[in-house]
Amino acid sequence: MSAGGEGVSAADEILDIVDENDRVIGQSPRGEAYARGLRHRCVFIQARDAAGRIFVHRRTPTKLVFPSLYDMFVGGVVGAGETYDTAALREAEEELGVTGLPLPRYLFKFLYDNGAGQTWWSAVYEVRCDLPVQPQAEEVAWHDFLPEDEVRRRLGDWEWVPDGLAAYERLRAFRSRG
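Residues numbered from 1 in each chain as written. Predicted model: local features only at pLDDT ≥ 70, side-chain atom pairs only at ≥ 80, totals over all residues. Heavy atoms only, no water.

An unreviewed UniProt entry lists the protein chain under the name NUDIX domain-containing protein, from Streptomyces coeruleorubidus. Under Cofactor (unreviewed entry), UniProt gives the following word-for-word description of the protein chain: "Mg(2+)". The UniProt entry for the protein chain carries this comment under Sequence similarities (unreviewed entry): "Belongs to the Nudix hydrolase family." (UniProt positions renumbered as here; feature names shortened; annotations may be inferred.)

Okay, here's the thing in structure tokens:
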């Protein structure tokens, strides 16, 4: 189910459109925002299990953006009027197929821009998930919790979502400073 509620397709979900300073300047249906390259908001949540392994998944071929690619984050778009924190918890629980997660911990935010019309403010979070995961079949084609060294080894082998890779590199730099 999309954030817009039952019966609303992902393309019809209403998003806040934001400027280069992450200030809301309008609203648009998700499909139109993607088609026109309108800047919006997204959340990226790195989920780790009790052993510290990272939740990794391959997106289904039916996803609007980056179908069939691997990702080391769960997350998605922030709905109109929704806060990053609220979206992070909602998206983490939806994509992992759990309820009762602790509130994901906000780490930092960056502006993703691939230079080809895909741009969004990206808030990066982390959360520990000790619950048995049951990802949505329509969102996730494959999943596992992998040790970080295996994730790093797979960076050159698997095709990853580009915004997730950008967030991962920034997260590694963020952690190396701390």
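Draft legend 1. Representation of the layout of surface pockets. In this model, the largest pocket occupies a volume close to 560 Å³. Arg30, Arg59, Lys63, Gly76 and Glu139 are, among the 33 residues lining the largest pocket, the residues nearest its centre. Of all the secondary-structure elements, those providing two or more residues to the lining of the largest pocket are helix 1 (30–36), strand 3 (40–48), strand 4 (54–59), strand 6 (74–77) and helix 2 (84–96). Of the residues contributing to the lining of the largest pocket, the split by class is 15 nonpolar, six polar and twelve charged. (1 Å grid on protein atoms, 1.4 Å probe; cavity = no way out; pocket = protein on both sides within 12 Å on 5 of 7 lines; lining within 4 Å. Points joined across faces, edges and corners; volume = space filled by probe spheres on them. Helix = DSSP H or I, 4+ residues; strand = E, 2+ residues; numbered from the N terminus. Nonpolar A, V, L, I, M, F, W, Y, C, P; charged D, E, K, R; others polar.)

Draft legend 2. Expanded view of the pairing of strand 3. Taking burial as the measure, the nine residues of strand 3 include nine buried ones, the bulk of the element. Of the two faces of strand 3, the one lined by His40, Cys42, Phe44, Gln46 and Arg48 and the one lined by Arg41, Val43, Ile45 and Ala47 are each fully buried. As judged from the nine bridges shared by strand 3 and strand 8 (residues 119–128), these two strands associate in the parallel manner. Its bridge partner lying in strand 8, cysteine 42 is registered against serine 122. Summarising the sheet, strand 3 and strand 6 pair through four bridges and their orientation is antiparallel. Paired with phenylalanine 44 across the two strands is glycine 75, which belongs to strand 6. (Buried < 20%, exposed > 50% of the residue type's maximum accessible area, 1.4 Å probe, protein only. Pairing = 2+ DSSP bridges.)

Draft legend 3. Broad picture of the side chain of arginine 90. By secondary structure assignment, the location of arginine 90 is in helix 2. Only 3.2 Å separates the side chain of arginine 90 from the backbone oxygen of valine 77, close enough to count as a polar contact. (Polar contact = N/O pair within 3.5 Å; in protein donor to acceptor, adjacent residues only side chain to side chain.)

Draft legend 4. Local environment of the pattern of salt bridges. In total, this model carries 17 salt bridges according to the counting rule given. One salt bridge in this structure joins aspartate 49 and arginine 53, with 2.5 Å as the shortest N-O distance. A relative accessible area of 10% places aspartate 49 in the buried class. Within this structure, Glu82, Arg90, Glu91 and Glu94 form a network of salt bridges that share partners. (Salt bridge = Lys/Arg side-chain N within 4 Å of Asp/Glu carboxyl O.)

Draft legend 5. Looking closely at helix 4 (residues 162–177). Between its terminal C-alpha atoms helix 4 stretches 23 Å, which fits the 22 Å expected from 16 residues at 1.5 Å a residue. Looking at the buried side of helix 4, the elements it contacts are strand 3, strand 5 (70–71), strand 7 (105–113), strand 8 and helix 3 (148–154). (Expected span 1.5 Å × (residues − 1). Contact = heavy atoms within 4.5 Å.)

Draft legend 6. A look at the side chain of aspartate 163. In this fold, aspartate 163 is placed in helix 4. Buried charge without a salt bridge: aspartate 163, with arginine 59 as the nearest opposite-charge side chain at an N-O distance of 6.6 Å. Of note is the side chain of aspartate 163, whose polar atom sits 3.2 Å from the side chain of tryptophan 120. In this structure, aspartate 163 is in contact with Phe44, Phe66, Phe110, Tyr112 and Trp120, ignoring residues within four places of it in sequence. (Lys, Arg positive; Asp, Glu negative; His and termini not counted.)

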